[in-house]
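Overview (structure and organization)
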Amino acid sequence: MPTSPFIIMSAPNGARRQIKDHPEIPISPDEMAVCAEQILEAGASILHLHVREDDGSHCLDVDRYQNSINAIKNKVGDQLIIQATTEAVGIYDRHQQMEMVKKLKPEAVSIALRELCPTDDELGEFEAFNKWVIKENIFPQYILYNPDDHIRFEEYIKKGVFHHDTPFVLYVMGSYNGPTPDKDSLKKLAVNNKRPWAACGFSENEKDCINHSTKVGGHIRVGFENNIWREDGSLLENNGEMIKHAATVAMNNNRPIASVDDVRNIFNLRG
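Described in the following lines is the structure provided in the data block.

Rules and cut-offs
Residues numbered from 1 in each chain as written. Predicted model: local features only at pLDDT ≥ 70, side-chain atom pairs only at ≥ 80, totals over all residues. Heavy atoms only, no water. Axes fitted to C-alpha atoms, helices over the stretch in contact; angles between N-to-C directions. Helix = DSSP H or I, 4+ residues; strand = E, 2+ residues; numbered from the N terminus. Parallel < 35°, antiparallel > 145°, perpendicular 65-115°, else oblique. Left-handed = near helix turned anticlockwise from the far one by under 90°. Contact = heavy atoms within 4.5 Å. Nonpolar A, V, L, I, M, F, W, Y, C, P; charged D, E, K, R; others polar. Expected span 1.5 Å × (residues − 1). Polar contact = N/O pair within 3.5 Å; in protein donor to acceptor, adjacent residues only side chain to side chain. Buried < 20%, exposed > 50% of the residue type's maximum accessible area, 1.4 Å probe, protein only. Pairing = 2+ DSSP bridges.

So, on to the packing of helix H2 (residues 62-76) against helix H3 (residues 94-104). At a minimum axis distance of 10 Å, the contact between H2 and H3 shows a crossing angle of 50°. Considered as vectors, H2 and H3 are oriented oblique to each other. The handedness of the crossing between H2 and H3 is right-handed. Of the residues in H3, those in contact with Val62, Tyr65, Gln66 and Ile69 of H2 are Met100, Lys103 and Leu104. Of the residues assigned to the contact of H2 with H3, the class counts are 5 nonpolar, 1 polar and 1 charged.

Here it is, written out as structure tokens:
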């Protein structure tokens, strides 16, 4: 059975959900700081961060990012890796996404392959961006939504596009509308992936992703970005509840919970 440390990532708010959806959705920097303390105590080591406009809508504003990052660090120090998202949400183009990263220079960043490099035509620019990310000691994670993304990703690794032999991957298994036809295929691809990977599921898929990832050597991302409900239809108490569930499942499968130091060691992030 797998015994490698189990990384629990937390995605506390995402780009879409509002307070009306769940009273514990963290939106402001102060709310995110309180949430950071909560998820750290529950067992998370990486916080996947979204920031919002005053009206609650998604944004990639560098100042808003920095305000949230400062608030989180004031609360928990360096005990969580803070991963900024580049998600477009139909608002931003790939140049705006990359420009945000270059201005913010976050500790870690999530990158959807299909957004920053939708076709081979953008490959040169994407390769140069990845080279810059590695040079700046930014910890990237690449998001794959379907088998086609996975195939392209593997091809690009062989071409040296990521300037890293073992880039961290997130497989998205499902959507807000429920399971997708690609879910089972992505499960199989993840198992055969010899590089570090995590998965996230939506709604009722979240626990299935936790069980699968724990047993086959993967990692997990949970949080209100993807799911706010228990199986009986009631609301989860807060972002810590599903993290605690994931930690329990992992320990029952002989997977120790990864600390932030474990993550930094696994991905050689020190220095």
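Another aspect to go through is helix H9 (residues 239-252). In a regular helix each residue adds 1.5 Å, so 14 residues correspond to 20 Å; H9 covers 21 Å between its end C-alpha atoms and thus fits that length. If you follow the buried residues of H9, they end up packed against strand E1 (8-10), helix H1 (29-42), helix H8 (205-215) and strand E10 (219-222). Sitting at the head of H9, asparagine 238 places a side-chain oxygen 2.9 Å from the backbone nitrogen of glycine 240. Directly after H9, the chain includes asparagine 254, whose backbone phi takes a positive value near 65°.

Our focus in this paragraph is the environment of isoleucine 143. Positionally, isoleucine 143 belongs in strand E7 (residues 139-144). For isoleucine 143, a relative accessible area of 7% translates into the label buried. For isoleucine 143, the residues in contact, after removing those within four places along its chain, are Ser110, Ile111, Ala112, Leu113, Asp149, Leu170 and Val172.

Now for the pairing of strand E8 (residues 168-173). Looking down a regular strand, the side chains alternate between one sheet face and the other. E8 sits mainly inside the fold: 6 of its 6 residues count as buried. Burial along E8 is two-sided: Phe168, Leu170 and Val172 and Val169, Tyr171 and Met173, pointing in opposite directions, are all buried. Pairing geometry for E7 and E8, over 4 bridges, is parallel. Bridging from a neighbouring strand, leucine 144 pairs with tyrosine 171 of E8. Of the strand pairs in this sheet, E8 and strand E9 (residues 197-201) are connected by 5 bridges, and their pairing is parallel. Residue leucine 170 lies in a different strand from E9, and its bridge partner there is alanine 198.

The next subject is the side chain of serine 68. With respect to the helices, strands and loops of the structure, serine 68 is situated in helix H2. Classification of serine 68 by relative accessible area gives buried; the value is 3%. Non-local contacts of serine 68, meaning those with residues more than four positions away in its chain, are made with Pro29, Leu49 and Val51.

We now examine H8. In an α-helix, one full turn covers 3.6 residues, which means residues spaced three or four apart are oriented alike. Where H8 is concerned, the buried positions are Asn205, Glu206, Cys209, Ile210, His212, Ser213 and Thr214. Two residues or fewer after H8 comes glycine 217, characterised by a positive phi angle close to 90°.

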